[in-house]
Amino acid sequence: MHTNHSITLQSALTEAIARLGSTSGTPQLDAEILLCTVLGKDRSFLRTWPERELDIAHYAAFDTLINRRRQGQPIAYLTGSREFWSREFIVTPDVLIPRPETELLIEHCLELIPFNQSVNIVDLGTGSGIIAVTLAAERPQANLVAVDISAAALQVAKMNAARHGVDRIRFYQSNWLKQIPPGLFDVIISNPPYIAADDPHLQQGDLRFEPQTALTSGADGLKDIRIIAKSASNRLNKGGFIVFEHGYDQGLAAQELLKSLNFSYVQTINDLAGQARVTSGQYLPPD
Ligand code: GLN
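These numbers were taken from a predicted model, which means no experiment stands behind them.

**Considering the overall build of the protein**
Move 1: Counting secondary structure elements, the protein contains 10 helices and nine strands.
Move 2: Counting only C-alpha atoms, the protein reaches 80 × 40 × 35 Å along its principal axes.
Move 3: Across the 287 residues in the protein, those meeting the buried criterion constitute 47%.
Move 4: In the protein, the proportion of contacts linking residues at least 24 apart, taken out of those at least 6 apart, comes to 64%.
Move 5: With the model as given, the accessible surface of the protein reaches about 13,700 Å², and the carbon-plus-sulfur share is 51%.
Move 6: Of the charged side chains in the protein, 25 are positive and 31 negative; the average position of the first set lies 4 Å away from that of the second.

Structural data, given as structure tokens:
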């Protein structure tokens, strides 16, 4: 660490990139993002003022973030935020980091709900609240219930609802639907944990630092999806939907599960890479 001579933004970046080296696949991008976080500026500032001096307090803060990144800590936990559906969300190690695949879940859910329809939606395992907040913002007539088993996650979700000015969300600490007060929903949506407990990816990258309860679900990754699907029909209005995210290789299992529970119009949505990502079904019991 430099102590007795000045350091410019550019030289701080060069040094940080070298220190990140192979511990990050994107050392330059990481260093720029972390320096911007410390300075409270965007990346164009770094390009415009490479010769500007970095003061000692900012330098120390940057140094700490680079050290944490060297240990593998996710960028989103270091900056405390991540963009989802064009909004910035607060992210802490108590919640899963928002992922692009969850935008497909939102997209499909929005297709199921007409814009001006008043609907009751429950988001199971809300985490940072991205699903509940996005649906509340995109559907002005929707009322949301956001559920998580983790009190710490609910705090993050509440902060994100406040940040985006949506007040149509009620929050409950609950094990899936168990502790939710009686009442029927039009949509049950979830990005549940769905990774098999022994999946080697859990030992890699960002996943090492994320809450395991938000990631893993039994030996085949389907334990929680089964629990949610089985309890869903008791809590859905006639014509209501269940829609959830799952692993790329769980599409058929998800469809079979919903069909075995007598859901109709069961469909699986693929992402742009052709990977199965989201399955939904409609609850249409015979009269
Ligand atoms: N899609 C995530 C991953 O594979 C998992 C998220 C989840 O379990 N809901 O990293």
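**Focus: the site of the ligand**
Move 1: Close to the ligand lie Leu96, Arg99, Glu101, Asn191, Pro192, Pro193, Tyr194, Ile195, Leu207, Ala214, Leu215 and Glu245.
Move 2: A distance of 2.7 Å separates a nitrogen atom of the ligand from a polar atom in the side chain of Glu101.
Move 3: Pro192 has a polar backbone atom sitting 2.8 Å from a nitrogen atom of the ligand.
Move 4: Against a free-state accessible area of 300 Å², the protein chains account for coverage of 87% of the ligand.
Move 5: Taken together, the residues of the shell around the ligand sort by class into eight nonpolar, one polar and three charged.

**Quick look at the packing of aromatic side chains**
Move 1: In this structure the tally under the stated criterion is two aromatic pairs.
Move 2: When the centroid spacing of 6.3 Å and the interplanar angle of 70° are considered together, the rings of Phe84 and Phe89 count as edge-to-face.
Move 3: Residue classification places Phe89 among the buried residues on the basis of a relative accessible area of 0%.
Move 4: Taking the ring centre of Trp49 as reference, the NZ or CZ of Arg52 above it sits at 4.4 Å.

**Section: empty space enclosed by the protein**
Move 1: Scanning the model with the defined rule gives one cavity of 30 Å³ or more in all.
Move 2: When its volume is computed, the largest cavity comes out at roughly 40 Å³.
Move 3: Mapped onto the lining of the largest cavity, the elements with two or more residues apiece are helix 1 (9–20) and helix 4 (56–70).
Move 4: Tallied by class, the residues present in the lining of the largest cavity amount to five nonpolar, no polar and three charged.

**Overview of the packing of helix 6 (residues 101–112) against helix 7 (residues 130–138)**
Move 1: For the pair helix 6 and helix 7, the least separation of the axes is 11 Å and the interaxial angle reads 35°. The element helix 6 and its partner helix 7 pack so that their crossing is right-handed. Residues Thr102, Leu105, Ile106, Cys109 and Leu110 of helix 6 form the contact with helix 7, whose participating residues are Ile130, Ile131, Thr134, Leu135 and Glu138.
Move 2: Within the contact of helix 6 with helix 7, the residues separate by chemical class into seven nonpolar, two polar and one charged.

**Observations regarding the pairing of strand 7 (residues 236–245)**
Move 1: A large share of strand 7 lies buried, amounting to seven of its 10 residues.
Move 2: Pairing of strand 6 (residues 185–190) with strand 7, which is carried by five bridges, proceeds in the parallel orientation. When the sheet's bridge partners are listed, Phe185 is paired in strand 7 with Leu236.
Move 3: Read from strand 6 through helix 9 (residues 223–232) to strand 7, the crossover connection turns out right-handed.
Move 4: For strand 7 and strand 9 (residues 276–282), the ladder comprises five bridges, and the chain directions are antiparallel. Across the sheet, residue Phe244 finds its bridge partner in strand 9, namely Thr279.

**Notes on unusual backbone geometry**
With glycine set apart, most residues show a phi of negative sign, and most peptide bonds adopt trans.
Move 1: Although it is not a glycine, Trp176 adopts a positive phi angle of roughly 50°.
Move 2: One can find Trp176 in the loop between strand 5 (169–173) and strand 6.

**Things to note about the pattern of salt bridges**
Move 1: By the definition in use, this model includes eight salt bridges.
Move 2: In this structure, Arg87 engages Glu138 in a salt bridge whose closest nitrogen and oxygen atoms are separated by 2.8 Å. Here Arg87 is found in strand 2 (residues 87–90), whereas its partner Glu138 is found in helix 7, with 51 residues between them in sequence.
Move 3: Since its relative accessible area comes to 19%, Arg87 is described here as buried.
Move 4: Judged by relative accessible area, which is 22%, Glu138 ranks as partly exposed.
Move 5: Of the charged contacts in the structure, one is a salt bridge between Asp271 and Arg277, with a shortest N-O distance of 3.2 Å.

Here is what the cut-offs are and how they apply
- Residues numbered from 1 in each chain as written.
- Predicted model: local features only at pLDDT ≥ 70, side-chain atom pairs only at ≥ 80, totals over all residues.
- Heavy atoms only, no water.
- Helix = DSSP H or I, 4+ residues; strand = E, 2+ residues; numbered from the N terminus.
- Buried < 20%, exposed > 50% of the residue type's maximum accessible area, 1.4 Å probe, protein only.
- Contact = heavy atoms within 4.5 Å.
- Areas by Shrake-Rupley, 256 points an atom, 1.4 Å probe, with all protein chains shown as cover.
- Lys, Arg positive; Asp, Glu negative; His and termini not counted.
- Charge placed at Lys NZ, Arg CZ, Asp CG, Glu CD.
- Near = heavy atom within 4 Å.
- Polar contact = N/O pair within 3.5 Å; in protein donor to acceptor, adjacent residues only side chain to side chain.
- Nonpolar A, V, L, I, M, F, W, Y, C, P; charged D, E, K, R; others polar.
- Phe/Tyr/Trp six-rings, centres within 6.5 Å; stacked < 30°, edge-to-face > 60°.
- Lys NZ or Arg CZ within 6 Å of the ring centre and 35° of its normal.
- 1 Å grid on protein atoms, 1.4 Å probe; cavity = no way out; pocket = protein on both sides within 12 Å on 5 of 7 lines; lining within 4 Å.
- Points joined across faces, edges and corners; volume = space filled by probe spheres on them.
- Axes fitted to C-alpha atoms, helices over the stretch in contact; angles between N-to-C directions.
- Left-handed = near helix turned anticlockwise from the far one by under 90°.
- Pairing = 2+ DSSP bridges.
- Right-handed = clockwise from strand over helix to strand, strands pointing away.
- Salt bridge = Lys/Arg side-chain N within 4 Å of Asp/Glu carboxyl O.

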